[in-house]
Amino acid sequence: MAAAFAGAGRQLAPRLIVLGRQGAGKGTQCARLAEQLDVPHLSSGDLFRAEIAAGTKLGGTIGRYVAAGELVPDDIVLDVVAARLGDNARRAAGYLLDGFPRTQAQAQALFEVLGADAAELAIEIDVPADAVLPRLAARRMCIECGMVTNLHTDSSTGRCPACRGFLERRADDHPDAIARRLAVYDEQAPPLLEWLRDQGLLVSVDGRGEPDEVHERLVQAVVSRIPALRVLCRAVAD
Ligand code: AMP
């Protein structure tokens, strides 16, 4: 695992982890927060979907785990994420990690190799299991730009609000895979969250309510832990 992140060094821009149950609104909130903090949004799920869409042998292997709602094995995850995190210069731009780490072993691998600089804050978007089921059933993704939306807001057109591309259900948003992904989350998240809490990194925010309200809570969590970022978050934080 360690070799995957060779060349680790000091980074200066914000480095955040965002976690949450499937359907908690992580993707939407991460995209917005990353834009506000001016850091790359790095979603392991998006990296895997790109690999699957590229039709590579690796994508074929990954696709079998994703379609079944299972976690992709750690060695593959770490290789793919490390390839995207790149070298020191690229990491210096900071990052917002979405969907990675997803297990305690992945978190430990990340910090073992990058050291304490791997992340300065981990935010859990907390939404109870019974609240995410309707969200997952209504979730749709644009086949052109990958934007995630839902039938409640875009039922009138069936088209992406950003690029007008067609919306479709994600391949792993069928009932069996949803049930399996939620069960895997309930197995893997408690030890991961406890480990991050022990490192003094974890903050939980309530993920229920309107997207704007949740965004505001995320921003408050960021500036309360990293006051230097207030300048980037001023419109929301003040
Ligand atoms: P997401 O878009 O985050 O819901 O991820 C979609 C799927 O990709 C998950 O259900 C897993 O199969 C896989 N995946 C994403 N991130 C990870 C990870 N860190 N570890 C293992 N599997 C992952």
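Conventions used here
- Residues numbered from 1 in each chain as written.
- Predicted model: local features only at pLDDT ≥ 70, side-chain atom pairs only at ≥ 80, totals over all residues.
- Heavy atoms only, no water.
- Helix = DSSP H or I, 4+ residues; strand = E, 2+ residues; numbered from the N terminus.
- Rg over C-alpha atoms; globule rule 2.2 N^0.38 Å.
- Buried < 20%, exposed > 50% of the residue type's maximum accessible area, 1.4 Å probe, protein only.
- Areas by Shrake-Rupley, 256 points an atom, 1.4 Å probe, with all protein chains shown as cover.
- Lys, Arg positive; Asp, Glu negative; His and termini not counted.
- Charge placed at Lys NZ, Arg CZ, Asp CG, Glu CD.
- Salt bridge = Lys/Arg side-chain N within 4 Å of Asp/Glu carboxyl O.
- Pairing = 2+ DSSP bridges.
- Near = heavy atom within 4 Å.
- Polar contact = N/O pair within 3.5 Å; in protein donor to acceptor, adjacent residues only side chain to side chain.
- Nonpolar A, V, L, I, M, F, W, Y, C, P; charged D, E, K, R; others polar.

Visitor: Requested: an account of the overall build of the protein, with residues and values cited.
Guide: On a plain count of helices and strands, the protein comes out with eleven helices and eight strands. For 238 residues, the compact-globule estimate of 2.2 N^0.38 gives 18 Å, and the C-alpha radius of gyration of the protein, at 17 Å, lies within 12% of that figure. A total of 238 residues make up the protein; the buried ones form 46% of that total. Summed over its atoms, the accessible surface of the protein is roughly 11300 Å², and 53% of this surface lies on carbon and sulfur atoms. Of note, the protein has its 27 positive side-chain charges centred 2 Å away from the centre of its 32 negative side-chain charges.

Visitor: Please set out the pattern of salt bridges residue by residue, giving values where relevant.
Guide: A full pass over the atoms with the stated rule returns 13 salt bridges. Between Arg49 and Asp46 there is a salt bridge whose closest N-O contact spans 2.9 Å. With Arg49 and Asp46 both in helix H2 (residues 44-53) and three residues apart, the pair spans about one turn of that helix. Judged by its relative accessible area of 24%, Arg49 falls in the partly exposed class. Arg180 is the partner of Glu187 in a salt bridge, and the nearest nitrogen-oxygen pair spans 3.9 Å. Among the charged side chains, a salt-bridge network with shared partners connects Arg139, Arg170, Asp172, Asp173 and Arg181.

Visitor: An account of the sheet that holds strand E7 (residues 167-168) is requested, with residue identities and associated values reported.
Guide: Sheet strands pair by backbone hydrogen bonding; their relative direction is either parallel or antiparallel. Read across the open sheet, the three strands follow the order E6-E5-E7; overall the sheet is antiparallel. Looking at which strands have only one partner, the edges of the open sheet turn out to be strand E6 (148-150) and E7. Relative to E6, strand E5 (residues 139-142) is paired through three bridges, and the arrangement is antiparallel. Counterpart to Arg139 in the pairing with E6 is Asn150.

Visitor: Could you give an account of the site of the ligand, naming the residues involved and the relevant values?
Guide: Around the ligand there are 17 residues in total, and Ser44, Arg49, Glu70, Gly99 and Gln106 lie nearest to it. Contacts to the ligand include Glu70, whose backbone N or O atom sits 2.7 Å from an oxygen atom. Arg170 places a side-chain nitrogen or oxygen 3.0 Å from an oxygen atom of the ligand. Of the residues forming the shell around the ligand, the biggest block, four residues, is contributed by H2. Considering only residue class, the shell around the ligand consists of six nonpolar, four polar and seven charged.

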